[in-house]
Amino acid sequence: MSIVIPYQRRIVSEGGVTIMDGETTGIDGDDPFAQLRDVFAGRRVLLLEDDPALSEHVAERLLRAGFEAVERVDSGEAAIAAAAAPFDVLILDRLTAGLDGLETLKRLRAGGGPCADAPALMLTALGGERQKVEGLLGGADDYLSKPVGDEELLARIAAQLRRAARRAAPVGSDLVNGPFRLAFGARTLKFGAAGVSRLIDLSPLEFAIVCELMTARGQPVTKTMLWDRCWVEWRFLPDNFVNIIDARISALRRRLKEQASELGDDLHPLIVSARSQSLIFRDLSAWTG
């Protein structure tokens with residue numbers, strides 16, 4: 001079964017399908033997650049999920065966040081048929097009737113069709129380390145274990161869209177955020193303002209954190225995402241991972257303030273909280289010194 005849900009104007013229930021039809025109320029204009037609307041605008045999602053209630057919830061949340069349309073399917077065979085048209089993001093459950101999500105993704109990747117290179121996220125109850133490795137080696141760009149919060153899902157989708165855009169960018173290009181220049185190849189962060197130019201002294205872990213936050217370009221990065229991508233030597237998520245991250249971020253904020261004091265107190269800390277479980281590196285693109 002395939003159901004296409006376009007972005008419309010108010011919420012109407014028709015035969016178990018929820019259609020958004022109007023001004024969105026899901027994201028407050030002052031909320032940093034509202035910035036994701038521009039990232040998602042005009043984009044289409046293919047969602048493979050055989051739980052009707054969960055499928056409807058995820059689709060509704062994606063539409064509220066700014067996606068143009070979500071096509072919901074409940075089998076791998078239906079997903080492959082739908083993927084004859086292009087989609088910007090694939091969200092796939094593993095445990096589906098008939099062709100499962102992982103085999104579906106492998107066939108889409110190998111088929112060379114319009115979705116062969118689309119960012120793919122596995123959203124599944126199979127959350128063991130072995131299953132995650134299977135999913136990532138099978139072609140997934142990210143792997144989420146159910147249940148997952150709406151904010152986490154949106155932030156991870158945005159991250160995959162950013163990565164897809166970076167793959168299309170010239171190799172070796174630096175990232176500039178106001179007075180900061182992040183050089184990926186040299187693994188350096190340079191600060192230049194008020195007639196001064198200096199390299200910011202960062203540990204390898206601190207550089208990894210700054211990379212993740214700055215490449216988000218003012219968009220929120222959840223602490224779970226930060227842990228997965230920066231604390232790579234850990235093979236599990238400890239119960240106190242938030243405390244570990246908070247302590248490191250606190251030290252990093254102090255280090256950045258000490259080495260970029262020319263920005264002034266009104267712009268520090270450079271790393272700010274977005275809700276309780278996400279972080280943002282300030283967007284300084286409009287900064288003029």
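First things first, this report covers the structure right here in the doc.

Rules behind the numbers
Residues numbered from 1 in each chain as written. Predicted model: local features only at pLDDT ≥ 70, side-chain atom pairs only at ≥ 80, totals over all residues. Heavy atoms only, no water. Axes fitted to C-alpha atoms, helices over the stretch in contact; angles between N-to-C directions. Helix = DSSP H or I, 4+ residues; strand = E, 2+ residues; numbered from the N terminus. Parallel < 35°, antiparallel > 145°, perpendicular 65-115°, else oblique. Contact = heavy atoms within 4.5 Å. Nonpolar A, V, L, I, M, F, W, Y, C, P; charged D, E, K, R; others polar. Buried < 20%, exposed > 50% of the residue type's maximum accessible area, 1.4 Å probe, protein only. Pairing = 2+ DSSP bridges. Right-handed = clockwise from strand over helix to strand, strands pointing away. Core = buried A, V, L, I, M, F, W, Y, C linked by side-chain atoms within 4.5 Å.

## Some words on the packing of helix α8 (residues 223-230) against helix α9 (residues 241-259)
Two elements in contact, α8 and α9, have axes separated by 10 Å at closest approach and are oriented at 80 degrees. The angle between the axes of α8 and α9 places the two elements in the roughly perpendicular class. Counted together, Lys223, Thr224, Leu226 and Trp227 of α8 and Phe241, Val242, Ile244, Ile245, Asp246 and Ile249 of α9 form the full contact between these two elements. Residues of the contact of α8 with α9, tallied by class, amount to seven nonpolar, one polar and two charged.

## Describing the pairing of strand β4 (residues 44-48)
With four of five residues buried, β4 lies mostly within the body of the structure. Across five bridges, the pairing between β4 and strand β5 (residues 69-73) is parallel. Looking at the pairing, Leu46 lines up with Glu71 of β5. Following the chain from β4 across helix α2 (residues 52-65) to the adjacent parallel β5, one finds a crossover that is right-handed. The sheet contact formed by β4 and strand β6 (residues 89-92) spans four bridges and is parallel. Across the sheet, residue Leu46 finds its bridge partner in β6, namely Leu90.

## Thoughts on the sheet that holds strand β10 (residues 180-183)
Here four strands make up an open sheet; going across it, the order is β9-β10-β11-β12 and the pairing antiparallel. Every interior strand has two partners, whereas the edge strands, β9 (175-177) and β12 (196-199), have only one. Neighbour to neighbour, the strand axes of the sheet diverge by 15 degrees on average, direction disregarded. Contacting β9, β10 and β11 (188-193), helix α7 (residues 204-215) runs over the sheet at an angle of about 110 degrees to β10.

## Looking at the pairing of β6
Here β6 shows two buried faces, one formed by Val89 and Ile91 and the other by Leu90 and Leu92. The sheet contact formed by β6 and strand β7 (residues 120-124) spans three bridges and is parallel. Paired with Ile91 across the two strands is Leu121, which belongs to β7. Taken together, β6, helix α4 (residues 101-111) and β7 constitute a β-α-β crossover, and its handedness is right-handed.

## Some words on the packing of α7 against α9
Where α7 contacts α9, the two axes come as close as 11 Å, and the packing angle between them is 90 degrees. Overall, the two elements α7 and α9 adopt an arrangement that is roughly perpendicular. Mapping the contact onto sequence places Leu205, Glu206, Ile209 and Val210 in α7 and Arg248, Ile249, Leu252 and Arg255 in α9. Here the contact of α7 with α9 is built from residues that sort into five nonpolar, no polar and three charged.

## A look at the environment of Ala34
Tracing the sequence through the fold places Ala34 in the loop between β3 (17-21) and α1 (36-40). Under the relative-accessibility criterion, Ala34 is labelled partly exposed at 22%. Spatially, the C-alpha atoms of Ala34 and Gln219 are 9.0 Å apart, while their sequence positions differ by 185 residues.

## What to know about the nonpolar core
Most often, soluble globular proteins have nonpolar side chains that are buried together. By size, the foremost hydrophobic cluster in this structure holds 62 residues, and its most contacted members are Phe40, Leu62, Ile157, Phe180, Leu189, Ile209 and Leu226. Broken down by element, this core gets its largest block of residues, eight residues, from α7. Ignoring sequence-local partners within four residues, the contact set of Leu62 consists of Val45, Phe67, Val70, Ile91, Leu154 and Ile157. Among the nonpolar cores identified, the runner-up in size contains 18 residues, and Ala78, Cys115, Ala120 and Ala140 belong to it.

Treat this as a map of the structure, not an account of what it does.
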